[in-house]
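# Fold and geometry: a report
Take a look at the letters that make up each chain.
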Amino acid sequence: MGMQFSVLASGSTGNATVVTDGDIHILIDAGLSGKKIDALLQERQLSGNNIDVILITHEHDDHIKGLGPFARKYDLPIYANENTWGKLDQQIGPIALERRKILQTGARMDMGSIRVESYGISHDAVEPVGYCFFQGEEKLSLATDLGYMSEK
């Protein structure tokens, strides 16, 4: 199948994207209501039950509005860097400790056949990141809210 992605929403009213290899479904940001995320997933023949993990780029509301309710409803792990988690705690409500995951800026991890690498970006948030997704020879880079485009 290869790696595929679908932008559920992008803009100041909310951001959410799904990256998948057909087996693993990664949600990047949850900046819409949980109900809206569910509806947009359904349009793509998916549901919250298909999502395996959520990655967060930064703590602004248009990236995390539905994060707490959506993650609790589907009992999903959430990955963000430590500084972003420091801000998320105040905004998304309780998340079980075992579902709070740290992915430091510049770190890599494997999710099924997809390798994920975070990288720092310029934006007015505590420690915003973009993500690169790798599968075989394919690479997908996702960066939102860039202050400027760096060499990285």
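Located above this text is the structure these notes cover.
Okay, so let's go over this structure.

How each quantity is defined
- Residues numbered from 1 in each chain as written.
- Predicted model: local features only at pLDDT ≥ 70, side-chain atom pairs only at ≥ 80, totals over all residues.
- Heavy atoms only, no water.
- Pairing = 2+ DSSP bridges.
- Helix = DSSP H or I, 4+ residues; strand = E, 2+ residues; numbered from the N terminus.
- Axes fitted to C-alpha atoms, helices over the stretch in contact; angles between N-to-C directions.
- Contact = heavy atoms within 4.5 Å.

### Side note on the sheet that holds strand E6 (residues 100–102)
Strand order across the open sheet formed by six strands is E1-E2-E3-E4-E5-E6, with mixed pairing between neighbours. Among the strands making up the open sheet, the edge pair consists of strand E1 (4–9) and E6. On average, adjacent strands in this sheet sit at an angle of 25° to one another, irrespective of strand direction. Note: strand E2 (residues 16–20) against strand E3 (residues 25–28), four bridges, orientation antiparallel. Paired with Val18 across the bridge in E3 is Leu27. The strands touched by helix H3 (residues 67–74) within the sheet are E3, strand E4 (53–55) and strand E5 (78–80), with E4 carrying the most contacts at an inclination of about 160°.

### Points about the sheet that holds strand E8 (residues 114–120)
In a beta sheet, neighbouring strands are held together by backbone hydrogen bonds and run either parallel or antiparallel to one another. Taken together, the four strands give an open sheet; going across it, the order is E7-E8-E9-E10, and neighbouring strands pair in antiparallel fashion. Taken across any chain shown, the strands that pair with only one partner, and hence form the sheet edges, are strand E7 (108–111) and strand E10 (138–142). With direction set aside, neighbouring strand axes in the sheet form an average angle of 25°. When strand E9 (residues 129–135) meets E10, the two strands line up antiparallel, connected through five bridges. Residue pairing across strands places Cys132 opposite Ser141, the latter belonging to E10.

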